[in-house]
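An overview of the molecular structure
The primary structure of each chain is shown beneath.
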Amino acid sequence: MSAARTAAVCAGALAALLVACAPPRAPQPAAALTGTISYRERIALPETARVEIQILDVTDEDADPTLITEKLLDHPGQVPIAFSIGYDPHSIQASHTYALRVRIHVGDDLWFASPFDLRVLTAGNPTRVAAVLDRISAGGPLAKGAGRVEDADPPGIDPRVRALRDEARAIDARLDRFDMREITEGPTQLRLWEDDDQPVKLEVADSGPITRPSSYYFRDGTLFWMRGPSGGYAFEGQQLVLRTDARLTPVADPGSGAGVLNELAARLALFGL
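Residues numbered from 1 in each chain as written. Predicted model: local features only at pLDDT ≥ 70, side-chain atom pairs only at ≥ 80, totals over all residues. Heavy atoms only, no water.

**Let's talk about the overall build of the chain**
Of the regular secondary structure elements, the chain holds three helices and 15 strands. The burial tally for the chain puts 41% of its 273 residues in the buried class. Counting only contacts in the chain whose residues sit at least 6 apart along the sequence, the fraction spanning at least 24 positions is 55%. Counting every atom, the chain has about 14,600 Å² of accessible surface; 54% of that belongs to carbon and sulfur. (Helix = DSSP H or I, 4+ residues; strand = E, 2+ residues; numbered from the N terminus. Buried < 20%, exposed > 50% of the residue type's maximum accessible area, 1.4 Å probe, protein only. Contact = heavy atoms within 4.5 Å. Areas by Shrake-Rupley, 256 points an atom, 1.4 Å probe, with all protein chains shown as cover.)

**Let's talk about the nonpolar core**
Counting residues in each nonpolar core, the largest one holds 27 residues, and the members touching the most others are Ile37 and Ile53. Among the secondary structure elements, those contributing two or more residues to this core are strand S1 (31-39), strand S2 (49-57), strand S4 (81-87), strand S5 (98-106), strand S6 (109-113) and strand S8 (128-135). Apart from residues no more than four positions distant in its own chain, isoleucine 53 is found in contact with Ile37, Thr69, Glu70, Lys71, Leu73, Phe83, Ile85, Leu100, Arg101 and Val102. Core analysis: the second largest hydrophobic core is formed by 16 residues, Leu192, Tyr233, Val260 and Leu261 among them. (Core = buried A, V, L, I, M, F, W, Y, C linked by side-chain atoms within 4.5 Å.)

**Quick look at the packing of aromatic side chains**
Applying the stated criterion across every chain yields a total of one aromatic pair. With a centroid separation of 3.9 Å and 10° between ring planes, the pair formed by tyrosine 39 and phenylalanine 112 is classed as stacked. Separated by 73 residues along the polypeptide, tyrosine 39 in strand S1 and phenylalanine 112 in strand S6 bring together distant segments of the chain. Each member of the pair, tyrosine 39 as well as phenylalanine 112, is classed as buried. One Lys or Arg, arginine 219, reaches over the ring of phenylalanine 224 and ends 4.4 Å from the middle of that ring. (Phe/Tyr/Trp six-rings, centres within 6.5 Å; stacked < 30°, edge-to-face > 60°. Lys NZ or Arg CZ within 6 Å of the ring centre and 35° of its normal.)

**Describing the pattern of salt bridges**
Tallied over the full model, the rule gives nine salt bridges. With a shortest N-O distance of 3.0 Å, arginine 103 and glutamate 52 are connected by a salt bridge. Here arginine 103 is found in strand S5, whereas its partner glutamate 52 is found in strand S2, with 51 residues between them in sequence. Residue arginine 103 is classed as buried on the basis of its relative accessible area of 9%. Judged by its relative accessible area of 12%, glutamate 52 is buried. (Salt bridge = Lys/Arg side-chain N within 4 Å of Asp/Glu carboxyl O.)

**What about empty space enclosed by the protein?**
The final tally for this structure, using the stated rule, is one cavity of 30 Å³ or more. The volume enclosed by the largest cavity comes to roughly 70 Å³. Residues that form the lining of the largest cavity fall into these classes: five nonpolar, one polar and five charged. (1 Å grid on protein atoms, 1.4 Å probe; cavity = no way out; pocket = protein on both sides within 12 Å on 5 of 7 lines; lining within 4 Å. Points joined across faces, edges and corners; volume = space filled by probe spheres on them. Nonpolar A, V, L, I, M, F, W, Y, C, P; charged D, E, K, R; others polar.)

**Some details on a negative patch on the surface**
There is a patch of like negative charges on the surface, built from Asp179, Asp195, Asp196 and Asp197. Mapped onto the secondary structure, aspartate 197 falls in the loop between strand S10 (188-195) and strand S11 (198-206). (Patch = residues over 30% accessible without salt bridge, like charges linked within 9 Å, V, L, I, M, F, W, Y side chains within 5 Å. Lys, Arg positive; Asp, Glu negative; His and termini not counted. Charge placed at Lys NZ, Arg CZ, Asp CG, Glu CD.)

Structural data, given as structure tokens:
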């Protein structure tokens, strides 16, 4: 064997030996969002309870949130419930806005849900949160003649938004006085309450994993407030006068609201209106 070939073989053997003797690389720590889940009511969760935890991209306030990752906890025990949900850090963009959403289901019923999206991960928002949920229902499904319990007002809510929501709550409190019709269109369930053939409230619920119900409220048959997954929209006549983000904070540029009105028209048409 030539001297050059011998040197090459020895070099290769030495390199292999160094690789074999090198300490193993420590695995990269998985990114995780952690925290606790609780609620104010003194209600024990049954054995059949399950917790749904989601991290959502809510950057585009005009679109449904994008699911980044989710985790389901069966038999979570009693509150406070500690949780840790892993995510791929490469899927997180510093310029985007992310939120944590938590729900507690018992059977087919939604018992508790986070009152509004909790910002996490970017823009100085935390990677550890204490999520306090609102009671939605307990002990059985919501009655068809009653409105769904509205999510709680966030701290420091704008007075204009509070007034709209108070008017909407007043409608919810007397829904049993009105006629209600229900339609299922694919994965979407629609409930319309009417007074003298004029709409009072329209509730739209999709069966998808990340969409919360949208509620449309009418004054003398004309839409004045819509609360959807991405925020709220206030109208006077056909004119959008105020728009909020998912946390019910008014945004500087409300836009035209044409998309909301067009979608509403299509949904009312299902009822012949």
